[in-house]
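Each chain is listed here by its residues.
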Amino acid sequence: MAALLHLRRYAGINHDAVLYLGQGLLQRWPEIFGVDPFFAFGSQEKYSLFPKLLGVLFGLADPPTVFLYGTLAGLLLFAAASWYLLLALLPPGQRYMAWLGSIVLPSLYGGMSGMFGYSEQFLTPRLITEGLVLLSIGSLVRSHWVPAIAALLVAALFHPLQAVAGLLVIWSWLVIRDRRWLYLLLAVVPLLLAGWYGIPPFRGFFTQIDQEWLSSLKEFSRQLFVSMWNPADYNLLAFDLLVALYAVRKFPDLFGNWMAAAIVGLAIGLASSLILVDILHLALPAALQLWRVHWLVHWFAMVALGVLFFRDASSDGWPRMMLLAVAILLAWAGIFWLWIPAFVCYWIWPRLICRIPRRAVFLLGIGFALGCVFFFINYLTTELLRFRLAHYRLDLYAIDRRLLAFPITGTALLLSAVFLWRSLQFHLRAVATVLILMPVLVIGVIRWDSRPLLNKAFEDAVFRSDIFGFEVPEAAQVYWNADSLTGPWLVLRRASYFSPGQLAGGVFNRATLVESGERIDRLRPLIEQSMWCTDRSHSSEERARCHIDSTAMRQACAGGSDRRPDYLVLEFNQPERAIGTWEIIDPVTGAVATTFRMFSCADIDGG
């Protein structure tokens, strides 16, 4: 629990949680948000029950409260489901470190590394669905078919994409056990027939993405195309695959069988995405994002690493354990492919040490340990610099969590704690619980809510449509600079004119990207100048003087055949008259951290 609270600290309503916030608001106030570009042409909300659930909950509590406690509940569900599955997959001596591996080791997966991770520290249906998929697998391992199917169906109702990824792995496991499960492929035939006869959404099986739509998706949603992933994405994908292959070979039991199923599911997902999306450009497969099966493969890989660390530490194989740590650090440090020879050496280690003197093995272990220390010092130096830029304030930069998130730090601390705990007598365990574990847990509870200053200011000002000194009309569309959707949606409870986040719905509806493209063209000079003004490579004096020029302001607000924004919210001291301001106060210093200024397009355009 302490590890979970320290490493999965609440990030607030950000990332994809913002999109689900909007979907919940649409359920509650369709007359306001129905004109927002993200919803006007339809988005992914129609494929999930989660927005409807949020709409109901927003009638009982404000969105920040719902998202905070919902995230905590989702994280606890994921941790409990992981433990439930590992109880069935692994023997008693290995379960705990395997479980901790799923918590403390990096959770990132998929295209655009850093965008997605399992057990995310903000509320989306992905978090809930991942826990339900693990519960389903845990029930299936125990031959409890009814709860397994029920959990998977509920998961599909929350987030079909993550659930389909889990289904690929489950089906692969069933086929490995009994080839007759291949007949389940016949279930695809009715779906293809439905698509052939134009029944939505299955007609997307035969709908090809046109060139304009394809260009927009490749610009704004590159993660959909496996062939466009970055080298870092392939690097981490290959690492997970090699770890999984090693686990299949070294654990020829139930756990190894599931690892094999995960590999097969990953191959199906990646091949399907590559052929159906990257080559054939079909709409529904693009929306299904079958490459997401990587989340489950990555979970299995991190669990396997936890088992391997425990095995090597238990067998006095600390030099080999240090070699594994070096391989992990090379993979996550972005030093592409150099981890492969390290991991290959780890794989064949029993044969290597037979030919190496014992003293040389000891020296190799020391060298590997020093390599880990080198990586940590390099990481620590960067983190201390960032902490200094944040004026050594934990509320602005959580360096304690950042150090624990270093791939080996949490693992080393917890592995040491496990072996120390086992060596203690009962009365000493009681003392350690009171003097060490309980304080660490209390600190974790206190530090868990780690919302950044601006996030918390926005969430504290929930539904303040008069925050700028007057009531913003319900029909207004507001452009809030700096990619903000929480500004118009959460603070003002009004439709957003444009934000890059709205483009996430483009894969589900072509018209969303077309409309957004027109709005981008209108706002492009303003956005480009804003990026220049906030670029930290410029001096603080330059940034303080910077503002959007009048030409860009007039273009953003000019009348015409297309819809213009009603209001602009900028953080710059503009020569144009602001009709209202909102100051964000730093709670520690009492100084003004940021001032947002609202401008009326009617005033700027003269009508």
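### Section: the sheet that holds strand 7 (residues 592-600)
The strands making up a sheet are joined through hydrogen bonds of the backbone, oriented either antiparallel or parallel.
Then step 1. If you trace the five strands from one edge of the open sheet to the other, you get 4-3-5-7-6, paired in mixed fashion. The sheet is open, and its two borders are formed by strand 4 (495-496) and strand 6 (580-585), each paired with just one other strand.
Then step 2. Summarising the sheet, strand 6 and strand 7 pair through six bridges and their orientation is antiparallel. Looking at strand 7, one finds that Ile584 is bridged to Thr594.
Then step 3. Its contacts with the sheet place helix 24 (residues 453-460) against strand 3 (477-480), strand 6 and strand 7, and it is angled at close to 125 degrees to strand 6.
Then step 4. Helix-sheet contacts for helix 26 (residues 510-533) involve strand 3, strand 4 and strand 5 (567-570), and the interaxial angle to strand 3 is about 35 degrees.

### Overview of a nonpolar patch on the surface
Then step 1. A surface patch of nonpolar side chains, about 1300 Å² in accessible area, is lined by Leu182, Tyr183, Leu185, Leu186, Val188, Val189, Leu192, Leu193, Trp196, Tyr197, Ile199 and Phe206.
Then step 2. Structurally, Ile199 is set in the loop between helix 11 (188-196) and helix 12 (211-220).
Then step 3. Here Ile199 falls in the partly exposed class, since its relative accessible area comes to 43%.

### Digging into the environment of Ile32
Then step 1. Within the secondary structure layout, Ile32 lies in helix 3 (residues 30-33).
Then step 2. Along the sequence, Ile32 and Arg493 sit 461 residues apart, while their C-alpha atoms lie 8.0 Å from each other.

### What about the state of the cysteines?
Then step 1. Taken as a whole and assessed by the stated rule, the structure comprises two disulfides.
Then step 2. Counting only the cysteines that take part in disulfides, in the order they occur along the protein chain, gives the pairing 1-2, 3-4.
Then step 3. Cysteine Cys345 remains unbridged, with the sulfur of Cys354 as its closest cysteine sulfur at 14 Å.
Then step 4. By relative accessible area, Cys345 is classed as partly exposed at 32%.
Then step 5. Take Cys372: it sits in no disulfide, and the sulfur closest to it among the cysteines is that of Cys345, at 15 Å.

Scoring rules and cut-offs
- Residues numbered from 1 in each chain as written.
- Predicted model: local features only at pLDDT ≥ 70, side-chain atom pairs only at ≥ 80, totals over all residues.
- Heavy atoms only, no water.
- Pairing = 2+ DSSP bridges.
- Helix = DSSP H or I, 4+ residues; strand = E, 2+ residues; numbered from the N terminus.
- Contact = heavy atoms within 4.5 Å.
- Axes fitted to C-alpha atoms, helices over the stretch in contact; angles between N-to-C directions.
- Patch = residues over 30% accessible without salt bridge, like charges linked within 9 Å, V, L, I, M, F, W, Y side chains within 5 Å.
- Areas by Shrake-Rupley, 256 points an atom, 1.4 Å probe, with all protein chains shown as cover.
- Salt bridge = Lys/Arg side-chain N within 4 Å of Asp/Glu carboxyl O.
- Buried < 20%, exposed > 50% of the residue type's maximum accessible area, 1.4 Å probe, protein only.
- Disulfide = S-S within 2.5 Å.

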